[in-house]
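Coordinate inspection notes
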Amino acid sequence: MSTGDPTTPAGPRTPLVQQGLPVFQEVAGHFAATPFLLTHDMLGGLDFEVAGGPISDKVGKPVAAPHTHEMPEVYLLLSPEPGGAVIDVVADDVSYEVTSPGAMLIPAGTVHHFVTKRAEPGSFCLGLLLTGGRDRPGAQVSGERTDDGAPVPDGRPR
């Protein structure tokens, strides 16, 4: 198994390995650095990113303010036992309950955030950002604007 530089261009059938996960990146609207398991520039370039992690210590604690992304996002909620995790997702002022195992599509431009309502140990919520192979456009914090009225972009490195 190769553990070399994961950014080295690979041949058509060369497996790549990414180590040192997660990587933590600042995301606009989030209250702490966000753990990313995959980013668009890993493994030779990906059409998606995966962020998130364990949530059993986040019950009743929002991890982000309402915000938007310029690409669709899929929440994937997992737990050791069916029904072991529940999140309340607010999308464009409408509340949705997602129970594990479950998924929810957040369309691009939707103002959203979630709060964990229940999570047994070993429960995870992952956000799959469908970047389409392009550089990740910045997330926008709902209502936050620059002096000229433009949305404030996130500060994640490109």
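Quick note: structure is the one above.
Reading the values: rules and limits
- Residues numbered from 1 in each chain as written.
- Predicted model: local features only at pLDDT ≥ 70, side-chain atom pairs only at ≥ 80, totals over all residues.
- Heavy atoms only, no water.
- Salt bridge = Lys/Arg side-chain N within 4 Å of Asp/Glu carboxyl O.
- Buried < 20%, exposed > 50% of the residue type's maximum accessible area, 1.4 Å probe, protein only.
- Patch = residues over 30% accessible without salt bridge, like charges linked within 9 Å, V, L, I, M, F, W, Y side chains within 5 Å.
- Areas by Shrake-Rupley, 256 points an atom, 1.4 Å probe, with all protein chains shown as cover.
- Helix = DSSP H or I, 4+ residues; strand = E, 2+ residues; numbered from the N terminus.
- Phe/Tyr/Trp six-rings, centres within 6.5 Å; stacked < 30°, edge-to-face > 60°.

A few points about the pattern of salt bridges
Evaluation of the coordinates by the stated rule reveals one salt bridge. For lysine 58, the salt bridge is made with aspartate 57, and the minimal N-O distance between the two is 3.2 Å. Judged by its relative accessible area of 27%, lysine 58 falls in the partly exposed class. Classification of aspartate 57 by relative accessible area gives partly exposed; the value is 47%.

Some remarks on a nonpolar patch on the surface
On the surface, Phe48, Leu105 and Leu130 cluster together into a nonpolar patch covering about 240 Å² of accessible area. Mapped onto the elements, phenylalanine 48 comes out in the loop between strand E2 (34-38) and strand E3 (49-54).

Some words on the packing of aromatic side chains
In this description, an aromatic ring pair is defined by two values, namely the gap between the centres and the angle between the planes. Within this structure, the stated rule accounts for one aromatic pair. Between the aromatic rings of tyrosine 75 and phenylalanine 114, the centroid separation amounts to 5.1 Å while the plane-to-plane angle is 70 degrees, which identifies the pairing as edge-to-face. Highlighted residues: tyrosine 75 in strand E5 (residues 73-78) and phenylalanine 114 in strand E9 (residues 112-119), separated in sequence by 39 residues. The same class applies to tyrosine 75 as to phenylalanine 114, namely buried.

The analysis is restricted to geometry; functional conclusions fall outside its scope.
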